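# Residue-level structure breakdown
Spelled out from the first residue to the last, the chains are:
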Amino acid sequence: MSTPPSSRWSSLRVLKHRDFALLWGGAALSNIGTWMEVLALGVYVTKVTGRAEWTGGVAALTFLPAIVLSPLGGALGDRFDRRRAVGMGALVQMALAGTLAALAFSGRLTVQWVAVISFLNGCAVTLFTPAYSAMIAVSVPKEDLHSALSLNAAQNNLGRICGPALGALVIAHADVSWALLLNTLSFGAVLLSLTRVRATAAGKTADFGGLWAGIVQGLRVARADEALVVALGGTLAIAVCIAPFTALAPVMAIQVFQLDAGATSVLVTAQGVGSLLAALGAGALTDRLGKGRLLEVALLLIGPTAAAYWLSPSLPVAAVAVMALGALYMLTLTGLSALCLTRVSNELQARIASLSAMLLFVGFTLGVWVQGALGDRWGIRWVTASAALGFFVLAVLLRALRSRGFAAFEV
């Protein structure tokens with residue numbers, strides 16, 4: 001029996017909520033610029049250094065600050081005006097992107113500058129993203145939260161599709177500096193959308209005392225709930241074993257297939273297409289399978305799919321494999337994030353979101369650096385494929401244990 005058209009793309013229904021639609025639109029335009037910059041910097045570092053370790057290492061610097069700053073970002077997001085926090089983050093990121101563009105236009109851009117600014121950008125993202133996540137959570141009714149998170153993932157992957165394609169076009173006809181300038185301008189979309197968001201979607205939450213007390217409270221809540229433990233542990237494992245594929249696309253294209261920036265764009269765009277399609281169809285899949293079952297299936301499939309991508313014999317095969325991988329990556333992270341946010345009250349959502357982000361960023365930093373370094377020595381294909389199959393073993397063990405964490409998600 002076919003799925004009715006009205007439910008086939010049911011994630012789109014959350015756009016009827018005004019504040020969510022504004023936040024979604026501003027972030028979508030900004031992410032196109034962000035992914036232009038990701039492509040430009042990845043190609044630049046790979047060509048200048050010729051080493052996967054450097055490509056993965058510089059990308060990891062964006063996530064390194066999460067090791068220390070994520071809990072602080074969550075506490076700030078639950079204590080202060082979230083709209084102002086997100087606006088401040090956009091201004092800081094705009095300034096950093098503008099600095100990269102100025103260095104590129106003046107001929108002074110170096111790998112060292114890319115590394116430093118990537119680290120500072122990671123600090124800004126870590127401190128202000130929990131406030132954005134909490135704004136998304138309160139901009140829709142609780143029953144629409146999973147669809148909202150899916151569609152939020154869709155806009156990120158819309159940027160992943162359009163950004164690299166535009167970035168490759170700009171680099172081919174101009175140079176890296178113009179891609180960096182366009183990213184700088186894209187943050188204006190976020191600032192404009194925030195001026196129209198109602199205070200009810202971005203106001204202060206309850207005062208919980210000092211920042212340290214708020215951080216401790218969030219940790220205690222997470223530790224006491226088995227469903228949160230399952231979700232946070234799964235996020236960490238995916239970050240270490242699977243997520244590095246997002247940063248190592250230039251290595252796959254340039255070193256493995258001996259191609260150029262255009263091939264990098266093909267892989268990044270294919271991942272985005274898969275993620276976007278999965279995000280748009282997540283509502284219908286959830287209606288049919290249930291949140292817990294959908295998450296369980298995605299966790300079991302993502303490891304073998306990632307291994308198939310890394311062992312692909314050609315670019316076309318890799319593009320198909322990474323499209324499927326992008327879909328599963330979106331479904332797993334969205335499902336785990338929804339599990340986290342639906343288990344706690346509004347007053348705790350930024351802190352729980354920050355713990356999830358911390359584990360994702362820490363795991364990604366470790367995974368991309370280690371896989372890149374070992375790949376330079378033993379071959380990138382076998383190292384990354386082995387990590388993916390390692391995650392599959394973990395997923396099978398989790399299913400065998402039949403943890404109550406997934407059952408709790410259905411409540």
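In this report, we go over the structure that sits alongside the text. Remember, it's a predicted structure, so these values are computed and weren't measured experimentally.

## Quick notes on the environment of A270
One can find A270 in helix α12 (residues 261–289). Along the sequence, A270 and G326 sit 56 residues apart, while their C-alpha atoms lie 7.8 Å from each other. In this view, A270 contacts A319, V322 and M323; residues no more than four positions away in its chain are not counted.

## Quick word on the nonpolar core
I242, Y309, Y329 and F391 are the most contacted members of the largest nonpolar core, which totals 101 residues. It is helix α14 (residues 315–342) that contributes the most residues to this core, 17 residues altogether. With 20 residues, the next largest nonpolar core counts Y44, A104, V170 and A179 among its residues.

## Some thoughts on helix α5 (residues 82–105)
It helps to recall that an α-helix has 3.6 residues per turn; residues three or four apart then point in one direction. In this model, α5 (24 residues) spans 35 Å end to end at C-alpha, consistent with the 34 Å of a helix rising 1.5 Å per residue. The positive-phi residue at the C-terminal boundary of α5 is G107, with phi of around 75°.

## With respect to the environment of A319
With respect to the element layout, A319 can be found in helix α14. Note: C-alpha distance between A319 and Q271 (48 residues apart in sequence) is 7.6 Å. Residues within four places of A319 in sequence aside, it is in contact with V266, L267 and A270.

## As for the packing of helix α7 (residues 145–173) against α14
For the pair α7 and α14, the least separation of the axes is 9 Å and the interaxial angle reads 140°. Considered as vectors, α7 and α14 are oriented oblique to each other. As for the relative orientation of α7 and α14, their crossing is right-handed in sense. Contact with α7, carried on its side by L145, H146, L149, S150, A153 and N157, involves M330, T334, G335, S337, A338, L341 and T342 of α14 and no other residues of that element. Here the contact of α7 with α14 is composed, by residue class, of six nonpolar, seven polar and no charged.

## Structural notes on the side chain of N183
With respect to the secondary-structure elements, N183 resides in helix α8 (residues 176–194). On the basis of relative accessible area, N183 is assigned to the buried category, the value being 2%. The contacts of N183, once residues within four sequence positions are left out, are S30, G33, T34, E37 and A97.

About the criteria used
- Residues numbered from 1 in each chain as written.
- Predicted model: local features only at pLDDT ≥ 70, side-chain atom pairs only at ≥ 80, totals over all residues.
- Heavy atoms only, no water.
- Helix = DSSP H or I, 4+ residues; strand = E, 2+ residues; numbered from the N terminus.
- Contact = heavy atoms within 4.5 Å.
- Core = buried A, V, L, I, M, F, W, Y, C linked by side-chain atoms within 4.5 Å.
- Buried < 20%, exposed > 50% of the residue type's maximum accessible area, 1.4 Å probe, protein only.
- Expected span 1.5 Å × (residues − 1).
- Axes fitted to C-alpha atoms, helices over the stretch in contact; angles between N-to-C directions.
- Parallel < 35°, antiparallel > 145°, perpendicular 65-115°, else oblique.
- Left-handed = near helix turned anticlockwise from the far one by under 90°.
- Nonpolar A, V, L, I, M, F, W, Y, C, P; charged D, E, K, R; others polar.

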